Amino acid sequence: MKQVIRKILEYCLGGVLGVISLHCATTVVLAKTPEVSAIRIGHYRGMTRFVLDINQKIKYRIFTLANPDRVVIDISEVKWNSNYGGAKGTGYINRYRFGLFKHGTSRIVLDVTKPVRVARAFMIKPKRGKSWRFVIDLKRTSKKAFETNVKKPVRHPVKKTIIPNQQQDLRSHRTKKLIVLDPGHGGHDPGNLGGRRYRGFPEKTVVLIVARAIKKALERTGRYRVIMTRNRDVFLKLRARSRIAHARQADLFISIHADSIKNPRIRGATVYTLSEKASDREAAALAARENKSDIIAGMDLDEETDQVQSILIDLVKRETMNLSNSFANDLIPQLRKAVILRTRPHRAAGLIVLKGLDVPSVLLELGYLTNARDARLLMQKQTQRKIANAIVRAADIFFNKTYVAN
Ligand SMILES: [Zn+2]
């Protein structure tokens, strides 16, 4: 193949006919150098993971060097698209460098803080329009073991590329995005009540009415399908709510609440996302309880070890958290046009209902029922319509960015 391309190129350089040049242009496009679009590093449970997002499959060879201790990764020649937000590492990686090593080979050097071994290296096939990923996992080892392995190529750290199971991937077959709206509380759990000075409707009623308005507005666009976790006054456990979003592989989960506080003057809306610290333990516990391949729907994990499964879960979780934060950032400026926001309108907390693991999720506190104005406004059709439109606009922005850019 390479020879053929070289021949065509030579021919082109000597050629004078426009037709040939055009043909050459096509050939060159086909033989394009792989492009790295992002570099990510994470540390989780005693393992440091280094990830390249890349637009095609690449070849790789890995070895280590001592004094100073480094992990060297030689890959097919690639194009580095930007500075990827700096070269500072995390976990066992202190810093990293990369560049063209020689014609046809790019090199990445990881300066490590401790003696490490390459536990695994593998490629993940693209799914849902995302790029290929080249993944390297580093684990601690003894100084002695590190030194014995120096300069020796890391032997087949992994046998196979992980292939997403297309049949299970409901999301990729959809024409409309699926949004799950979750009106909080219900049944014997009224949620927050209004303050002493203003006794309006309980939270469970307010949020159901607002959720219905949001559902209507989203569906009217023709771009979204909406499922409500409850559409009547019924109690639902928190886990059951996020399970609905997970089971249907929703594209977005929005839990809707209304707050209360001692001080009746405090008002305004807040958008909550899950805080990372609280979610790690939860994700691990969830993984232990449930069928692991079910958690990351769409990925065939049958032949992977438990260890790799937990890493993949971690990868999905991080991605979900990034998407959740991204939606929160899209929602806030739109919401500001509809209602008053609290100072610091984006907050993070270990909210159980947001622990859906693979569905981008936010919890929206519409305002304070203990504030007379908030309570009154939230029951007004006009405010409900404004909130609904804000969510439609935010969803439009979010999905355009997420699914077109990838
Ligand atoms: Zn609530």
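Everything quoted here is computed from the prediction, not taken from an experiment.

### Let's talk about the overall build of the protein chain
Link 1 in the chain: Along its length, the protein chain carries ten helices and 15 strands.
Link 2 in the chain: Relative to its 406 residues, the protein chain shows a buried fraction of 34%.
Link 3 in the chain: Sequence-distant contacts, at least 24 apart, represent 74% of the contacts inside the protein chain between residues at least 6 apart.

### Considerations on the sheet that holds strand S1 (residues 35-44)
Link 1 in the chain: If you walk across this open sheet you meet the five strands as S5-S1-S2-S9-S8, and the pairing is mixed. The open sheet terminates on both sides in strands that have one partner only, identified here as strand S5 (79-80) and strand S8 (116-124).
Link 2 in the chain: Bridge count between strand S2 (residues 47-54) and strand S9 (residues 132-140): eight bridges; the pairing is antiparallel. Of the residues in S9, the one forming a bridge with Met-47 is Lys-139.

### Quick notes on the pairing of S9
Look at any regular strand and the pattern is simple: side chains alternate between the two faces of the sheet.
Link 1 in the chain: Two elements, S8 and S9, share eight bridges in a ladder whose sense is antiparallel. Residue pairing in the sheet places Val-118 in a bridge with Leu-138 of S9.

### Observations concerning the environment of Lys-125
Link 1 in the chain: Residue placement: Lys-125 occurs in the loop between S8 and S9.
Link 2 in the chain: Sequence separation between Lys-125 and Gln-56 is 69 residues; the distance between their C-alpha atoms is 9.0 Å.

### Looking at unusual backbone geometry
Link 1 in the chain: Each neighbour pair has its own omega, and for Asn-67 with Pro-68 the value is -10 degrees, a cis peptide bond.
Link 2 in the chain: For Pro-68, the location among the structural elements is in the loop between strand S3 (60-65) and strand S4 (70-76).
Link 3 in the chain: Positive phi outside glycine occurs at Asn-67, with the angle close to 50 degrees.
Link 4 in the chain: Relative to the helices and strands, Asn-67 resides in the loop between S3 and S4.
Link 5 in the chain: A positive phi is found at Gln-249, a non-glycine position, where the angle reads about 50 degrees.
Link 6 in the chain: Relative to the helices and strands, Gln-249 is located in the loop between helix H5 (238-247) and strand S12 (252-259).
Link 7 in the chain: A residue is classified by how many C-beta atoms lie within 10 Å of it, and Gln-249, with 17 of them, is partly exposed.

### Considering the sheet that holds strand S14 (residues 341-349)
Link 1 in the chain: Within the open sheet, the six strands sit side by side as S11-S10-S12-S15-S13-S14. Their pairing is mixed. The outermost strands of the open sheet, each flanked by one partner alone, are strand S11 (224-228) and S14. Direction aside, neighbouring strands of the sheet carry axes that sit 25 degrees apart on average.
Link 2 in the chain: Alignment of S12 against strand S15 (residues 361-368), held across six bridges, turns out to be parallel.

### A short note on the nonpolar core
Link 1 in the chain: Formed by 50 residues in total, the largest nonpolar core has its most connected members in Ile-179, Val-210, Ile-214, Val-362 and Ile-391.
Link 2 in the chain: Those residues in contact with Val-362, other than ones at most four positions away along the chain, are Ile-254, Val-271, Tyr-272, Thr-273, Ser-324, Phe-327, Ala-328 and Leu-331.
Link 3 in the chain: Judged by nonpolar contacts, the second largest core, of 26 residues, contains Ile-39, Ile-75, Ile-93 and Val-135.

### Points about the confidence of the model for the protein chain
Link 1 in the chain: When pLDDT is averaged along the protein chain, the result is 77, and 72% of the positions lie at 70 or above.
Link 2 in the chain: Confidence, expressed as mean pLDDT per element, reaches its minimum in the protein chain at helix H7 (residues 292-295) with 34 and its maximum at S11 with 97.
Link 3 in the chain: Within the model, pLDDT remains below 50 along residues 1-30, and this stretch shows ten contacts once partners closer than five positions in the same chain are excluded.

### With respect to the environment of Asn-231
Link 1 in the chain: Within the element layout of this structure, Asn-231 appears in the loop between S11 and H5.
Link 2 in the chain: Taking the C-beta count within 10 Å as the criterion, Asn-231 has 13 such neighbours and is therefore assigned partly exposed.
Link 3 in the chain: With 23 residues separating them along the chain, Asn-231 and Leu-208 place their C-alpha atoms 7.0 Å apart.

### A look at the environment of Tyr-96
Link 1 in the chain: Residue placement: Tyr-96 occurs in strand S6 (residues 93-102).
Link 2 in the chain: Residue Tyr-96 is classed as buried on the basis of its C-beta count, with 21 C-beta atoms lying within 10 Å.
Link 3 in the chain: For the pair formed by Tyr-96 and Val-109, sequence separation is 13 residues and the distance between their alpha carbons is 5.5 Å.
Link 4 in the chain: Setting aside residues up to four positions removed in sequence, Tyr-96 forms contacts with Ala-87, Gly-89, Ile-108, Val-109, Leu-110 and Asp-111.

### Things to note about helix H4 (residues 203-220)
Link 1 in the chain: Over its 18 residues, H4 runs 26 Å from end to end, which matches the ideal 26 Å to within 8%, given 1.5 Å per residue.
Link 2 in the chain: By the burial criterion, the buried members of H4 are Glu-203, Lys-204, Val-206, Val-207, Leu-208, Val-210, Ala-211, Ile-214, Lys-215, Ala-217 and Leu-218.
Link 3 in the chain: Gly-222 occupies a position one or two residues after H4 and carries a positive phi of about 80 degrees.

### Section: H5
Link 1 in the chain: Among the residues of H5, Arg-241, Ser-242, Ile-244, Ala-245 and His-246 are the ones counted as buried.
Link 2 in the chain: Gln-249, located one to two residues past H5, shows a positive phi value of around 50 degrees.

Parameters at a glance
- Residues numbered from 1 in each chain as written.
- Predicted model: local features only at pLDDT ≥ 70, side-chain atom pairs only at ≥ 80, totals over all residues.
- Helix = DSSP H or I, 4+ residues; strand = E, 2+ residues; numbered from the N terminus.
- Buried ≥ 20, exposed ≤ 12 C-beta atoms within 10 Å, placed from the backbone.
- Contact = placed C-beta atoms within 7 Å.
- Pairing = 2+ DSSP bridges.
- Axes fitted to C-alpha atoms, helices over the stretch in contact; angles between N-to-C directions.
- Core = buried A, V, L, I, M, F, W, Y, C linked by C-beta atoms within 7 Å.
- pLDDT = per-residue confidence, 0-100.
- Expected span 1.5 Å × (residues − 1).

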